[in-house]
Amino acid sequence: MTNRNAIHLQGVEFGWQQGVPVLDVTELTVAAGERVFVKGPSGSGKTTLLSLVGGIVTPQRGTVQVLGQDLGPLSGAQRDRFRAHHIGFIFQMFNLIPYLTVLENVLLPCRFSRRRRGRIAAAGETPRAAATRLLQQLDLSASLLHVPVTRLSVGQQQRVAAARALIGAPELVVADEPTSALDTDRRRAFLSLLQQECQRSNTTLLFVSHDDALENAFQRTVHLPAINRASRQEVVA
Amino acid sequence: MSLLTLAWKSIRNRLFSVVLTVVSIALSVLLLVSVERVRHEARESFANTVAGTDLIVGARGGQVQLLLYSIFRMGNATNNISWESYQELRQHRDVAWTVPLSLGDSHRGFRVLGTNGDYFQHYRFGRKQALSFRAGAAFDGVYDAVLGADVARELGYGIGESIVLSHGTGEVSLQEHGDQPFRVVGILAKTGTPVDRTVHIRLQGMEAIHAGWVGGRPTALSRLRRAPDPEALQPKSVTAVLVGLKSPMAVFQLQRYINEYRAEPLLAAMPGVALQELWDTLALVQQALLAISVMVVLVGITGMATAMLAGLNERRREMAVLRSVGARPWHIFVLVQGEALIIMLVSVVLGVSGMYLLHLLLAPWLEQQWGLYLSLRGLSPTECWLLGGALVSGLSVGLVPAYRAYRFSLADGMTVRL
Ligand SMILES: Nc1ncnc2c1ncn2[C@@H]1O[C@H](COP(=O)(O)OP(=O)(O)OP(=O)(O)O)[C@@H](O)[C@H]1O
Ligand SMILES: [Mg+2]
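Cut-offs applied
Residues numbered from 1 in each chain as written. Chains lettered and ligands numbered in written order. Predicted model: local features only at pLDDT ≥ 70, side-chain atom pairs only at ≥ 80, totals over all residues. Heavy atoms only, no water. Helix = DSSP H or I, 4+ residues; strand = E, 2+ residues; numbered from the N terminus. Rg over C-alpha atoms; globule rule 2.2 N^0.38 Å. Buried < 20%, exposed > 50% of the residue type's maximum accessible area, 1.4 Å probe, protein only. Contact = heavy atoms within 4.5 Å. Areas by Shrake-Rupley, 256 points an atom, 1.4 Å probe, with all protein chains shown as cover. Near = heavy atom within 4 Å. Polar contact = N/O pair within 3.5 Å; in protein donor to acceptor, adjacent residues only side chain to side chain. Core = buried A, V, L, I, M, F, W, Y, C linked by side-chain atoms within 4.5 Å. Axes fitted to C-alpha atoms, helices over the stretch in contact; angles between N-to-C directions. Parallel < 35°, antiparallel > 145°, perpendicular 65-115°, else oblique. Left-handed = near helix turned anticlockwise from the far one by under 90°. Nonpolar A, V, L, I, M, F, W, Y, C, P; charged D, E, K, R; others polar. Buried area = accessible area lost by both parts, 1.4 Å probe. Salt bridge = Lys/Arg side-chain N within 4 Å of Asp/Glu carboxyl O. Pairing = 2+ DSSP bridges. Patch = residues over 30% accessible without salt bridge, like charges linked within 9 Å, V, L, I, M, F, W, Y side chains within 5 Å. Lys, Arg positive; Asp, Glu negative; His and termini not counted. Charge placed at Lys NZ, Arg CZ, Asp CG, Glu CD. Domains from an automatic or database assignment. Phe/Tyr/Trp six-rings, centres within 6.5 Å; stacked < 30°, edge-to-face > 60°. Lys NZ or Arg CZ within 6 Å of the ring centre and 35° of its normal.

Engineer: How do you make sense of the overall build of chain A when you look at a structure like this?
Structural biologist: Across its full length, chain A holds 9 helices and 9 strands. Taken over C-alpha atoms, the radius of gyration comes to 18 Å for chain A, in line with the 18 Å a tight globule of 237 residues would show. C-alpha extents for chain A along the principal axes are approximately 55 × 40 × 30 Å. Out of the 237 residues in chain A, the part that is buried amounts to 53%. Of the contacts formed within chain A by residues at least 6 apart in sequence, a portion of 75% connects residues at least 24 apart. Within the structure as shown, chain A displays about 10400 Å² of accessible surface, and the carbon and sulfur contribution to it stands at 49%.

Engineer: Any chance you could explain the site of ligand 1 here in plain terms?
Structural biologist: Neighbouring ligand 1 are 13 residues, the closest being Ser42(A), Gly43(A), Lys46(A), Thr47(A) and Thr48(A). Surrounding ligand 1 are residues belonging to chains A and B, so the site spans chains. Lys46(A) has a polar side-chain atom sitting 2.6 Å from an oxygen atom of ligand 1. A distance of 2.5 Å is found between an oxygen atom of ligand 1 and a side-chain nitrogen or oxygen belonging to Thr48(A).

Engineer: When you look at the nonpolar core in this model, what are you seeing that I'm missing?
Structural biologist: Nonpolar side chains tend to gather and get buried jointly when the protein is soluble and globular. Of all hydrophobic cores here, the largest spans 44 residues; its most connected members are Ile97(A), Leu108(A), Phe112(A), Leu6(B), Met304(B), Leu322(B) and Val336(B). Of all elements in the fold, only α3 (102–112) of chain A together with α1 (3–13), α2 (15–49), α10 (271–324), α11 (329–370) and α12 (381–412) of chain B reach the threshold of two or more residues within this core. Counting residues per element, this core draws most heavily on α11(B), at 10 residues. With near-sequence residues (within four places) excluded, Ile97(A) lies in contact with Asn105(A), Leu108(A), Val149(A), Glu318(B), Val321(B) and Leu322(B). In this structure, Leu96(A), Val102(A), Val106(A) and Val173(A) belong to the second largest nonpolar core, which totals 38 residues.

Engineer: Please clarify how the packing of α10(B) against α12(B) should be interpreted in this entry.
Structural biologist: Each pair of packed helices can be summarised by the angle the axes make with each other and by the distance between the axes. Residues and elements named next belong to chain B. It is the contact of α10 with α12, at a shortest axis distance of 8 Å, that shows an interaxial angle of 25 degrees. Taken together, α10 and α12 sit at an angle that is classed as roughly parallel. The handedness of the crossing between α10 and α12 comes out as right-handed. Here the contact of α10 with α12 is built from residues that sort into 18 nonpolar, 4 polar and 4 charged.

Engineer: Got a minute to help me understand the interface of chain B and chain A in this structure?
Structural biologist: It is common to give the size of an interface as the accessible area that goes away when the parts come together. Residue-level contacts link 22 residues of chain B with 21 residues of chain A. For the pair chain B and chain A, the two sides together bury roughly 2100 Å², of which 66% comes from carbon and sulfur. Taken together, the links from chain B to chain A amount to 2 salt bridges. One salt bridge connects Asp80(A) with Arg323(B), and the closest N-O pair in it is separated by 3.2 Å. Taken together, chain B and chain A are joined by 4 residue pairs in polar contact (both at pLDDT 80 or more).

Engineer: In this structure, what is going on with the sheet that holds strand β3 (residues 35–39) of chain A? I would like to understand it.
Structural biologist: The pairing of strands in a sheet happens through backbone hydrogen bonds and is either parallel or antiparallel. Residue and element names in this part refer to chain A. Pairing within the open sheet is parallel, and its 5 strands lie in the order β6-β7-β8-β3-β9. Each edge of the open sheet is held by one strand with a lone partner, namely β6 (87–90) and β9 (220–223). Strand-to-strand, the axes of this sheet are offset by a mean angle of 20 degrees, without reference to chain direction. Pairing analysis gives 4 bridges linking β3 to β9, with the strands arranged parallel. Considered in β9, the bridge of Lys39 is made with His223.

Engineer: Explain the pattern of salt bridges here, please?
Structural biologist: When charged atoms on two side chains of opposite charge get close, those side chains can pair. All names here are of chain A. Inspection of the entire model under this criterion finds 27 salt bridges over all chains. Here Arg229 and Asp24 are joined by a salt bridge, their closest N and O atoms 3.1 Å apart. Taken together, the residues span a long stretch of sequence, with Arg229 in helix α9 (residues 229–236) and Asp24 in strand β2 (residues 23–31) at a distance of 205 residues. With relative accessibility at 8%, the residue Asp24 sits in the buried group.

Engineer: Please clarify how the pairing of β6(A) should be interpreted in this entry.
Structural biologist: Along a regular strand, successive side chains alternate from one face of the sheet to the other. All names here are of chain A. Side chains Ile87 and Phe89 project from β6 onto one buried face, and the interleaved Gly88 and Ile90 project onto a second face that is buried too. Both β6 and strand β7 (residues 172–176) contribute to a ladder of 4 bridges, which runs parallel. Paired with Phe89 across the strands is Val174, a residue of β7.

Engineer: Any chance you could explain a positive patch on the surface here in plain terms?
Structural biologist: All names here are of chain A. The grouping of Arg81, Arg114, Arg115 and Arg117 at the surface amounts to a positive patch. At 3 residues, the largest contribution of residues to the positive patch is made by helix α4 (residues 114–122). One can find Arg115 in helix α4. Residue classification places Arg115 among the partly exposed positions, given a relative accessible area of 42%.

Engineer: Please clarify how the domain arrangement of chain B should be interpreted in this entry.
Structural biologist: All names here are of chain B. Domain annotation of chain B identifies domain 1 (2–46 + 282–414) and domain 2 (55–269). Relative placement of domain 1 and domain 2: their C-alpha centres are 51 Å apart. The interface is formed by 5 residues belonging to domain 1 together with 10 residues belonging to domain 2. Here domain 1 and domain 2 share 0 salt bridges between them.

Engineer: What am I meant to see in the environment of Leu254(B) here?
Structural biologist: Residue and element names in this part refer to chain B. Mapped onto the fold, Leu254 is located in helix α9 (residues 251–259). Taking the C-alpha atoms as reference, Leu254 lies 8.7 Å from Val95; in sequence the two are 159 residues apart. Apart from the residues within four sequence positions on either side, Leu254 is in contact with Leu55, His92, Val95, Val243 and Leu245.

Engineer: Please explain the packing of aromatic side chains as it appears in this structure.
Structural biologist: Centre-to-centre distance and the angle between the planes together describe a pair of aromatic rings. Tallied over the full model, the rule gives 14 aromatic pairs over all chains. Here Phe207(A) and Phe218(A) contribute two aromatic rings whose centre-to-centre distance is 5.0 Å and whose plane-to-plane angle is 45 degrees, an arrangement assigned as tilted. One end of the pair, Phe207(A), is in strand β8 (residues 204–209); the other, Phe218(A), is in the loop between β8 and β9, with 11 residues separating them in the sequence. Pair check on accessibility: Phe207(A) and Phe218(A) agree, each one buried. On the basis of an interplanar angle of 90 degrees and a centroid distance of 5.4 Å, the ring pair of Tyr119(B) and Phe120(B) is categorised as edge-to-face. Classification of Tyr119(B) as buried rests on a relative accessible area of 0%. Judged by relative accessible area, Phe120(B) falls into the buried class, the value being 9%. In textbook terms, an aromatic cluster arises when at least three aromatic residues are bridged by ring pairs, as seen for Tyr119(B), Phe120(B), Tyr123(B), Phe133(B) and Phe139(B). Above the plane of the ring of Phe112(A) lies Arg111(A), whose end atom (NZ or CZ) is 5.3 Å from the centre.

Spelled out as structure tokens, the structure:
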């Protein structure tokens, strides 16, 4: 990845339905290693933005570059592979496969991405060791490794999800309101752990929330309605 | 972790409903292989019953009926062959040997067969195996009896045992030949044919116990005294005759000769042809049974697809999570298809094990009640085909939920809207 930008959106227009634009962003750039907070009210298109970055949907107009790769010309399968190799996801809830243990959940991305396995091997670790280390750094004790995830508290589950997003050192971690199910104290703890991990491995973090209180933990804030012309049009209309 | 392991863990998570599916398919597979096995074994058992006999001769009637009463000891003859005809047949120039068969009596549910020493010499079963004695030897005296293996085993008889024959072939007999008991002098080795369930006596013995009887009932005279010299008794008729030829070429010629025999109406049947006809009369029933069991398997498989389709909605979230960790839509497809594979494999293994278990449990009963001798053996090519067919159908039907899951996961991406 020669490009120093982790994410670069240019002239992107997207609507789920024809004629109903949800996003209209002239330009959005996130530098490699940057940790960015994206905020905006419910329905302002935050999740939609992440879907564009993750290559789950393609814009009607404009280009989406992730890690220097223009997602537009990629086929569905290529985008799938790109996502598996380079992006870790954390969602609001239901992140984990209920019938797998903590360790099995964390190891899942290694199953689907050779690239991630390769990076672990290059760092001189086994996937299992990497998972254990990440869980430990996220304050989950080794005694929980083989526990079914359904036995964890919501806060613990979110940390397992974070470990899973981070395993195999993807260049970009995308988090869609991962803290909204947590109480204030846990939210803070989770956030600082996530931040630490991203900093340690120089991972770009795109963190979406409508909770302003989290904002000051980040290097930069993007107020989505401010850069989204579609929402302004909506407001005017 | 392989996709199959993942599929297996997912199944474990929904164990109850999957077990129900597996049970229903396993039962249907059990039915299928059992029907096929009984079908096959019945045919083997049939074909093995008589060998080395060129013609079976009896009174005119159906050849299947003749085969049934002469060889399978089922049903009764409507007419007999006169002694004179039998003698003439015996002396025919093409005939190498004959075995006279005289039926009609029984001993505690087992048929009694009157014959002569030629029976032990010429009767063949299976792959032309001859009869052999487990104990004792062939009958010699008029009141000697030779037991089939099952008769001896089930009634616990040994050499020297004294037995009383009954008139007629019902389980409960009204007339007993209690005044003229027989003595067991020989016990045959097991053959897996109706011979095992037969009590053999000499034709003279048969004659002696009916001496003076009229119309199947004893008369005052017969009750009063036994025949003075049983050895001198001349049977008036026999029920059927097994015929072996000097040259197999002569079989059609002799058959025509017998069928056109003037003195009395006779029928000569070739055992192979008669067996085939008997088998053909049963073919429709067997094929219907087999078709029904195939249908039952299909119903089971459809049930599986239904259960899987119904479960998909609940599993959409699971699949979205898998997508978010890098699973491609085809992974999701394989995952669901893998579930069908696991269900089918487990069901087939259970069904086949169940069949063997049933076999072990029911074999003695089938043998006693139906004279059906099942041999414990591996899967036949036909059975493998049927099982393979079930597997393939299961996997094909599994394509439906798998494809649907694939579509879901394409549409849902990583975020499910429920
Ligand atoms: N899969 C979809 N199909 C159709 N419309 C959608 C879809 N996802 C989102 N939308 C629409 O796009 C708009 C933006 O939705 P989005 O989920 O991006 O908002 P958000 O900022 O993430 O909101 P929240 O904070 O509530 O999660 C909404 O009007 C929504 O109705
Ligand atoms: Mg959202």
